[in-house]
Amino acid sequence: MRDPVLVPFAQFVLKVHSRCDLACDHCYVYEHADTSWRGRPRAVSREVLDQAARRIGEHARAHRLPAVHVVLHGGEPLLAGPELLGHAARTLRAELPGGCALDLRIHTNGIRLDTRFLDLFLAERIKVGISLDGDRAANDRHRRFADGRSSHPQVLAAVDLLRSPRYRELYAGLLCTIDPANDPVAVLDALLALDPPHLDFLLPHATWDAPPPQPNGDTSYADWLLTIHQRWLELGRPVPVRSFDSVRRTLLGLSSLTESLGLDPADLVVIETDGSFEQADSLKTAYDGAPATGFDVFANSLDEVARHPGMMARQSGLAGLSAQCRACPVVRSCGGGLYAHRWHSETGFDNPSVFCGDLMRLITTIRDRVAPVLPAGTRPGTELAEEQLDQLALGLGDGATVRALAAAQLDLTRRLLAAVGPAADPAAWQLLTVLDQEAPHAVDAVLAHPYVRAWAVRTLREPGADGAAPLAELAAAASLRAGRSEELPVPVRGGELQLPTLGRLLVGGSGEAVLRGGPAGFAVRAPGGAAFEVAFDQPGDERWLPVRRVELPGWTVALEDLDPYRDSHQWPAEQRLTEAALADWSGALREAWELAQRDLPAYAAGIAAGLSTITPLRSGPNGRDVSAAARQAFGAVGIARPATAPALALLLVHEFQHVKLGAVLDFHDLFDRADQRLYEAPWREDPRPLEGLFQGCYAHLAVVEFWAGRVRAYDGVAGEAAEHAREQLALWRGHTDRAVDTLLGSGSLTALGERFGRGMRTALDRRVPWPAEPAPAPAEQPV
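Computed from a prediction, not measured in an experiment: that's the story for all the values here.

A closer look at the nonpolar core
Soluble, globular proteins show a tendency: their nonpolar side chains are buried together.
Here's step 1: By size, the foremost hydrophobic cluster in this structure holds 93 residues, and its most contacted members are V68, L72, L85, F121 and F201.
Here's step 2: Sorting elements by how many residues they give to this core places helix α7 (residues 220-234) first, with seven residues.
Here's step 3: Filtering out sequence-adjacent residues up to four positions away, V68 remains in contact with A10, F12, I56, A60, L96, C100, A101, L102 and D103.

Considering the side chain of Q51
Here's step 1: Looking at the secondary structure, you find Q51 in helix α1 (residues 46-62).
Here's step 2: Overall, Q51 belongs to the buried group, its relative accessible area being 13%.
Here's step 3: Those residues in contact with Q51, other than ones at most four positions away along the chain, are V297 and F298.

Digging into the packing of aromatic side chains
Here's step 1: Scanning the model with the defined rule gives 14 aromatic pairs in all.
Here's step 2: Between W555 and W593, the ring centres sit 4.7 Å apart and the planes meet at 45°, which makes this aromatic pair tilted. Taken together, the positions of W555 in strand β18 (residues 555-559) and W593 in helix α20 (residues 579-599) put the pair 38 residues apart, joining distant regions of the chain. As far as burial versus exposure is concerned, W555 and W593 are alike and both buried.
Here's step 3: An aromatic cluster is built from F201, W224, W232 and F244, whose rings are joined through pairwise contacts.
Here's step 4: When the ring centre of F117 is taken as reference, the NZ or CZ atom of R116 above it lies at 5.2 Å.
Here's step 5: Note that R149 overlies the ring of F145, its terminal NZ or CZ placed 4.2 Å from the centroid.

Structural notes on the layout of surface pockets
Here's step 1: Size it by volume and the second largest pocket reaches roughly 550 Å³.
Here's step 2: Lining the second largest pocket are 27 residues; nearest its centre among them are A445, A448, H449, G610 and S612.
Here's step 3: Secondary-structure elements contributing two or more residues to the lining of the second largest pocket are α15 (399-424), α17 (440-447), α18 (450-461), β18 and α21 (601-610).
Here's step 4: At five residues, α15 tops the list of elements feeding residues into the lining of the second largest pocket.

Topic: the sheet that holds strand β11 (residues 496-499)
Here's step 1: As summarised here, the arrangement of the three strands in space is β11-β12-β16, forming an open sheet in which the pairing is antiparallel. The sheet terminates laterally at β11 and β16 (544-546), the two strands that pair on one side only. The mean inter-strand angle of the sheet, taken between neighbouring strand axes irrespective of direction, is 15°.
Here's step 2: Across three bridges, strand β12 (residues 503-506) lies against β16 in antiparallel orientation. Counterpart to G503 in the pairing with β16 is P546.

The rules behind the values
Sequence order sets the numbering: in each chain, residues are counted from 1 along the sequence as written. Side-chain atom pairs in this predicted model are given and counted only at pLDDT of 80 or more, local residue features only at pLDDT of at least 70, and totals for whole chains, interfaces and linings cover all residues. Hydrogens and waters are ignored; side-chain quantities use all the structure's heavy atoms. The definition of a nonpolar core used throughout is a set of buried Ala, Val, Leu, Ile, Met, Phe, Trp, Tyr and Cys residues joined through side-chain atoms within 4.5 Å. For each residue, the accessible area found with a 1.4 Å probe, counting protein chains only, is set against the maximum for its type, and the residue is called buried under 20%, exposed over 50%, and partly exposed in between. The secondary structure listing takes helices from DSSP runs of H or I that are at least 4 residues long and strands from runs of E that are at least 2 residues long, numbered from the N terminus. Residues count as neighbours in contact if any of their non-hydrogen atoms are within 4.5 Å of one another. The pairing test for Phe, Tyr and Trp rings, Trp by its six-membered ring, is centres within 6.5 Å, and the orientation test on the planes gives stacked under 30 degrees, edge-to-face over 60, and tilted for anything in between. Whether a charge lies above a ring is judged from NZ of Lys or CZ of Arg, which has to be within 6 Å of the ring centre and within 35 degrees of the ring normal. Cavities and pockets are found on a 1 Å grid laid over the protein atoms alone: a cavity is a set of points where a 1.4 Å probe fits but cannot escape, a pocket is an open set with protein on both sides within 12 Å along at least five of seven lines, and a lining residue has an atom within 4 Å of such a point. Grid points are joined across faces, edges and corners, and a volume is the space filled by probe spheres set on the points. Here, any two strands with at least 2 DSSP bridges between them count as paired. Axes here refer to lines fitted to C-alpha atoms; in helices the fit is confined to the stretch in contact. Angles between the N-to-C directions go from 0 to 180 degrees.

Fair warning: the whole summary comes from geometry, so function is off the table for now.
Take a look at the structure:
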């Protein structure tokens, strides 16, 4: 059984050699406080490798991990040789359970990298990261051989080999340690010349006992990084930089990509060449023995290691920071900095980072540099009044309340778009900013489309993963909505031109089409030169596939079967609906909406105000009904059309509860995000994280109300349908009641979270009473 307070490890640093062939003077392993390397075996044994793999496998199996990330490390890991590295890769894969992927990497100085190693890495799918501090002058400042010789030529040769077509897929990126004495622009240009898929810049390890030199003032490191950041922006962000992307992500409330920023709980453990489990390697800079746990792969499980006080201290989020950090305005981005950098021999780790000033300057400057060009921030109508929060706490939300949620979500989409737009397509971004001044309502109508935010978030998480940015399409859709008549070049992808919120144009070919807006449509010049006109409401034009909307009393909703980013839900999206399928959807929605307005009026008002889009999904396994909300697509739900209108009504109210609560969570903390425990959810076999339990409780309030409405509809009626409704009401009322008790008893709710928990309890206890028990039969009277 899984430990309810344990944060499982998903990242493993596996030391395969404890010595190095360079003598870098900034190395935390050999040049800082810890000396444990002196007593360790030079190379890891097969016995240790096998047992380490077994421990990782059992941990992945016990915690149902979908993937584990292993870095082969040192010292210099290539000193272990190809045979031992191959054995490590094969053993790790053999021990992992089915369904658990292995992300296997090696981090090296590159000195010994040759085709023997790369052929092995190709066969075993091992990606390669290389340490390089920039141009020769910068690299030779610290990364030299013991006799003082430069290592730069050998590293460049290794990178050139790694970049070659045969091995390019193995190239993971370059890692550079910062020294303010180096020329930052020269460093960046030298690294970019090697065409890395990723870059990262690391602060050198330091503590309050051994602070870093600040040759250029109190924020030398931030100033150095900010010079690079400015150059990187000017070049159009040519490569993802983990440190910059982490600052940007944490400022937007997303997770960090590195342990040195943000408040995400650490899930990394080190396995040394003797089989010892250790905490993060960076702790070697604090004091001798700082990373030690006293555990090893032969005597201890990874669950035992996860309960080590040092491990738990790095997983405690905001609560684990010093008072000064907790009061800091950028704490959710900074996260107190790297744990090791907080060390002071008198106060332990209860301090800000020794780089505190640098981190503050870095984060606030990046925040200001990427501040949205489009107006954002808190605008009128985006803040929730206390009475509106009370409505939402009860699981409800009238039209005004949900419109306030939608306004705040539009504001967030604008900020997200501003973080990715200028670099993704500068010309289209410029047009959007002009349109936003001249026709803000048209821009709002396009940016409120749920899948605009979905694209922006994907791009932040995986820059470049979704191919070309749709900025030109967004700008064109806004311009056409505004009725502007100037010509707009728009990219054609796969013979199609997508206009979010409007439709898809089939023009054929590739390249650019030119659009010119008009009062009721637009003129098109296709890539091949053909010209024609499109009317927005013109039926029968096979080249124009409009977004189709179903108009109902008090609610108009789009059936989105075109947008390329609509695959944001956990189930596959349906393709373009046929006319017959569209008619079926329209009829089912009409009946479901009538039922919702009659039986669920308090929920229907919010749906009419905030649910703009339904994405038809394919049926689930064996044709079962499936539905889903997407956290990054406010205003949309995905549904595979069920067989009956009541079932559709139930899915609509259930999924829109997730949409509402997700919108609240974007701006309000309802629970301690450092709580990584798993909780019993009565409606599922597997335990859920706290947010999953909260979401489930909130969604099932609407499910309970739905079945209460069905019971009322069958009042006084006998039969299977009436009995089924009473059974379902009792079932879901009981499930939700127990789950709310668990939520309120977790000890991890914020004050507002407690308010929501009590609101849900009130909704269950007052608005939906327990189903009445059958009256007992009268006792027989004596004759």
